[in-house]
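# An overview of the molecular structure
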Amino acid sequence: MGSRPDDGEQLDELSEINVTPFIDVMLVLLIIFMVAAPLATVDVNVDLPASTAAAAPRPDEPVYVTLQADGSIALANSEIGVEALPEALDNATGGDPEARIYLRADRNVEYGELMGLMNRIRDAGWGRIGLVGLETVPAS
């Protein structure tokens, strides 16, 4: 906005926008998104044991891999060795690497063993792994 000086000269109007507050707000939002974005990403879809969430729809013929308390691995109802896992998964899924593999583990299995089996399944070419847990009624 312009003002009139006492000597009668007229000053030009100042029509520039002050962008400093806008830049400050944008930098704050950038920092917030940089901090929040890594927290919102999840690599593996996990159904935790004793979950009160609604059950996901199940496929017609799910492929279950079971890790038992003694460390043995079973595909569906037949026990298989670790070396035979890729071939057995290939036969069970018809060679479809996009098929979801449902991983069940005994409560007494160590976390490291479970992660080792998940890594073997992923290394064999199946990246969609779901963990199976018991459904419970939510506590009131």
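So, here's what we can say about the structure. Remember, predicted model here, so these are calculated numbers, not experimental data. (Residues numbered from 1 in each chain as written. Predicted model: local features only at pLDDT ≥ 70, side-chain atom pairs only at ≥ 80, totals over all residues. Heavy atoms only, no water.)

Read across the open sheet, the five strands follow the order β3-β2-β1-β4-β5; overall the sheet is mixed. Each of the sheet's edge strands pairs with one partner strand only, and the pair in question is β3 (78-80) and β5 (129-131). Direction aside, neighbouring strands of the sheet carry axes that sit 30° apart on average. With five bridges joining them, strand β1 (residues 63-67) and strand β4 (residues 101-105) adopt parallel strand pairing. Across the sheet, Val63 pairs through a bridge with Ile101, a residue of β4. Together, β1, β2 (73-75), β4 and β5 form the strand contacts of helix α3 (residues 111-123), whose direction differs from that of β4 by roughly 160°. (Pairing = 2+ DSSP bridges. Helix = DSSP H or I, 4+ residues; strand = E, 2+ residues; numbered from the N terminus. Axes fitted to C-alpha atoms, helices over the stretch in contact; angles between N-to-C directions. Contact = heavy atoms within 4.5 Å.)

Before going further, it helps to examine the side chain of Thr93. Assignment of secondary structure puts Thr93 in helix α2 (residues 85-93). What makes Thr93 buried here is its relative accessible area of 13%. At a separation of 3.4 Å, a polar atom in the side chain of Thr93 contacts the side chain of Trp126. Look past the residues within four positions of Thr93 in its chain and what remains in contact with it is Val63, Ala99, Ile101 and Trp126. (Buried < 20%, exposed > 50% of the residue type's maximum accessible area, 1.4 Å probe, protein only. Polar contact = N/O pair within 3.5 Å; in protein donor to acceptor, adjacent residues only side chain to side chain.)

On to the packing of aromatic side chains. Under the criterion given, the structure shown has one aromatic pair. With a centroid separation of 5.7 Å and an interplanar angle of 45°, the aromatic rings of Tyr64 and Tyr102 are classed as tilted. Highlighted residues: Tyr64 in strand β1 and Tyr102 in strand β4, separated in sequence by 38 residues. Residue Tyr64 is classed as partly exposed on the basis of its relative accessible area of 23%. The residue whose ring lies beneath Arg104 is Tyr64, and the NZ or CZ to ring-centre distance is 5.4 Å. (Phe/Tyr/Trp six-rings, centres within 6.5 Å; stacked < 30°, edge-to-face > 60°. Lys NZ or Arg CZ within 6 Å of the ring centre and 35° of its normal.)

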